[in-house]
Amino acid sequence: MSSNETDLRDEKPQFVLPLVVRIERDAPPSRTDALETAARAVLEILTDDRSLGEGEWAQAMTDWQDARIRKVVRRARGAEWRRAGALPGITVDGLEAEVRVFPPVPLDGWPKELAKLQVSGTDLDDPAAPGPVPEGAVVLWINPELDMSAGKTMAQAGHGAQLLWWAMGDADRKAWHEAGFPLAVRTATVGEWPALTASGLPLVRDAGFTEIAPGPTVVAEGSDRFAPALRLPRP
């Protein structure tokens, strides 16, 4: 993207895509499951009928995507989660995680039920190291040199999934959608990260507004089943 295109996007009204992750005190989800569920939630709202054509969310989705694709993750539990669930949106379930995604809102125009929710406190852990990438799943590779909260990383994984969706051809999009968006989020090795960032694959560059300095955060890679052209050549 040229600097002129970036400037034009910055000049447009700015919107944000709200995501809320359910974190109950006695049963928090694992970190990787939350990251993957958030990424699929972004894809679900991108492809929902209400976001397309003359759908009720279509204009908000267009306005949001014409500017910067900002995403903010907040946490909820108990009554907070139930109130959030009453607002228009889509709840996506992972193995343990529950993430609800809402149509975009102006940066300063959050519904009060969501504005009350905390951005902090989304630190999650994996009780065990994530296993191998499931066969056929696309991969969202996280920068191994960054220390981001789970909430920040969920937003970055959502960016990566969205950029990969935009980069896919129609046939790959259709197949991935029909399969339920199989994907995995994994942290790249320090040795592989430079090749990933130089590969030309969809790359998320954070603007540096929160938590981290500006720079690359996620590389999105296709799979042998979905978008094989969007893969890093390996020996």
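### What about the confidence of the model for the protein chain?
Inference 1: Model confidence for the protein chain is summarised by a mean pLDDT of 93, while 96% of its residues fall at 70 or above.
Inference 2: Segment residues 1-5: pLDDT under 50, and two contacts once partners within four positions in sequence are set aside and those in other chains are kept.

### Here's the deal with the packing of helix H2 (residues 31-47) against helix H6 (residues 150-167)
Inference 1: Contact geometry of H2 with H6 gives a least axis separation of 8 Å together with a crossing angle of 40°. The angle between H2 and H6 places the two elements in the oblique class. The element H2 and its partner H6 pack so that their crossing is right-handed. Counted together, Arg31, Ala34, Leu35, Ala38, Ala39, Val42, Leu43, Leu46 and Thr47 of H2 and Ala150, Thr153, Met154, Ala157, Gly158, Ala161, Gln162 and Trp165 of H6 form the full contact between these two elements.
Inference 2: Here the contact of H2 with H6 is composed, by residue class, of twelve nonpolar, four polar and one charged.

### A few points about a negative patch on the surface
Inference 1: Taken together, the side chains of Asp123, Asp125, Asp147 and Glu211 present a region of like negative charge at the surface.
Inference 2: Within the fold, Glu211 resides in the loop between strand S8 (203-206) and strand S9 (215-221).

### Observations regarding the nonpolar core
Inference 1: By size, the foremost hydrophobic cluster in this structure holds 56 residues, and its most contacted members are Leu19, Leu43, Leu140, Met154, Met168, Trp176 and Leu196.
Inference 2: Per element, the largest residue contribution to this core is nine residues, and it comes from H2.
Inference 3: With near-sequence residues (within four places) excluded, Leu196 lies in contact with Trp141, Ala188, Leu201, Val219, Glu221, Leu232 and Arg234.
Inference 4: With eleven residues, the next largest nonpolar core counts Ala76, Phe102, Val105 and Leu114 among its residues.

### A look at the layout of surface pockets
Inference 1: Volume-wise, the largest pocket comes out at about 920 Å³.
Inference 2: Around the largest pocket sit 32 residues that line it, and Gln156, His159, Arg205, Asp206 and Ala207 are the ones nearest its centre.
Inference 3: Looking at the lining of the largest pocket, the elements that each hand over two or more residues are helix H1 (3-11), strand S2 (70-76), H6 and S8.
Inference 4: Considering every element that reaches the lining of the largest pocket, the biggest residue donor is H6, with seven residues.
Inference 5: Its residues assigned to classes, the lining of the largest pocket shows 14 nonpolar, nine polar and nine charged.
Inference 6: If you add up the space inside the second largest pocket, you get close to 350 Å³.
Inference 7: Together, 19 residues line the second largest pocket, and Ser30, Thr32, Asp33, Glu36 and Leu95 are the ones closest to its centre.
Inference 8: Among the elements of the structure, H2 and strand S7 (183-187) are those that each provide at least two residues to the lining of the second largest pocket.
Inference 9: If one sorts the elements of the lining of the second largest pocket by residue count, H2 sits on top with five residues.
Inference 10: Split into classes, the residues belonging to the lining of the second largest pocket amount to nine nonpolar, four polar and six charged.

Conventions and cut-offs
Residues numbered from 1 in each chain as written. Predicted model: local features only at pLDDT ≥ 70, side-chain atom pairs only at ≥ 80, totals over all residues. Heavy atoms only, no water. pLDDT = per-residue confidence, 0-100. Contact = heavy atoms within 4.5 Å. Axes fitted to C-alpha atoms, helices over the stretch in contact; angles between N-to-C directions. Helix = DSSP H or I, 4+ residues; strand = E, 2+ residues; numbered from the N terminus. Parallel < 35°, antiparallel > 145°, perpendicular 65-115°, else oblique. Left-handed = near helix turned anticlockwise from the far one by under 90°. Nonpolar A, V, L, I, M, F, W, Y, C, P; charged D, E, K, R; others polar. Patch = residues over 30% accessible without salt bridge, like charges linked within 9 Å, V, L, I, M, F, W, Y side chains within 5 Å. Areas by Shrake-Rupley, 256 points an atom, 1.4 Å probe, with all protein chains shown as cover. Salt bridge = Lys/Arg side-chain N within 4 Å of Asp/Glu carboxyl O. Lys, Arg positive; Asp, Glu negative; His and termini not counted. Charge placed at Lys NZ, Arg CZ, Asp CG, Glu CD. Core = buried A, V, L, I, M, F, W, Y, C linked by side-chain atoms within 4.5 Å. Buried < 20%, exposed > 50% of the residue type's maximum accessible area, 1.4 Å probe, protein only. 1 Å grid on protein atoms, 1.4 Å probe; cavity = no way out; pocket = protein on both sides within 12 Å on 5 of 7 lines; lining within 4 Å. Points joined across faces, edges and corners; volume = space filled by probe spheres on them.

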